[in-house]
Amino acid sequence: NFYLAAGEYDLNGNQKDGLKLIGQGNGVKLANTTKFAGGKATGAICHAISLENVTITNTVYTMENGGKSTFTNVTFAAGFREGYGTGVVFTDCTFGSNSEGYALHFQTDNASEGGRITLNGCEFEGGKVHLGGKRAYAFTNCDFAEGTDFQVWSTITLKGCTVDGVAITNENIATFFPKLDLAKVT
């Protein structure tokens, strides 16, 4: 475990499987300038790491072993985009959105088939929540801002979730999320 005092840090070159970074207090900001895919994409988490009590200031995504990362009390100030993986876990995280309007986005990819993405107690400040196929998604006690553009190409479970504090029910889900394919929702 590595404990970080308030300040600004960069994950570039500082990732390895099993790394755990824990922010002490508020004010720990991480940029992630790690490039992947031929240097075209910035923000890659490509190792199975654990981040806790930090704010990530730029858009990030997971790929390779990063698809098994865990995030606890992490604020994704510029959203989470083009994620890959089979076992990413988000607990008590906050999702802002990036310049494209994405708060949370996972790709459809065969390598993630049969996987599960877990979100517990997370808050979505709006934007797009678009979830690709080949894996399942489980949301428990999450809160979505009204107007969140929620679309899925896979199965999802919503348990104890709300929109601006109002419980999501079978009666109001289509009103809250008009683009959501309700046949894929439990």
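Residues numbered from 1 in each chain as written. Predicted model: local features only at pLDDT ≥ 70, side-chain atom pairs only at ≥ 80, totals over all residues. Heavy atoms only, no water.

Visitor: Kindly report on the environment of V152, identifying the contributing residues and their values.
Guide: Structurally, the position occupied by V152 is in strand β20 (residues 149–152). With relative accessibility at 6%, the residue V152 sits in the buried group. Every residue in contact with V152, bar those within four places of it in the chain, is listed here: L131, L180, D181 and K184. (Helix = DSSP H or I, 4+ residues; strand = E, 2+ residues; numbered from the N terminus. Buried < 20%, exposed > 50% of the residue type's maximum accessible area, 1.4 Å probe, protein only. Contact = heavy atoms within 4.5 Å.)

Visitor: Tell me what's going on with the pattern of salt bridges, and back it up with residues and numbers.
Guide: Taken as a whole, this structure holds 5 salt bridges when the rule is applied. Between E52 and K20 there is a salt bridge, and its shortest N-O distance comes to 3.7 Å. On the criterion of sequence distance, the pair formed by E52 in strand β8 (residues 50–56) and K20 in strand β3 (residues 20–23) is long-range, its members being 32 residues apart. Given a relative accessible area of 25%, K20 falls into the partly exposed group. For R81, the salt bridge goes to E82, with nearest N and O atoms at 4.0 Å. Under the relative-accessibility criterion, R81 is labelled buried at 13%. Among the charged side chains, a salt-bridge network with shared partners connects R81, E82 and E100. (Salt bridge = Lys/Arg side-chain N within 4 Å of Asp/Glu carboxyl O.)

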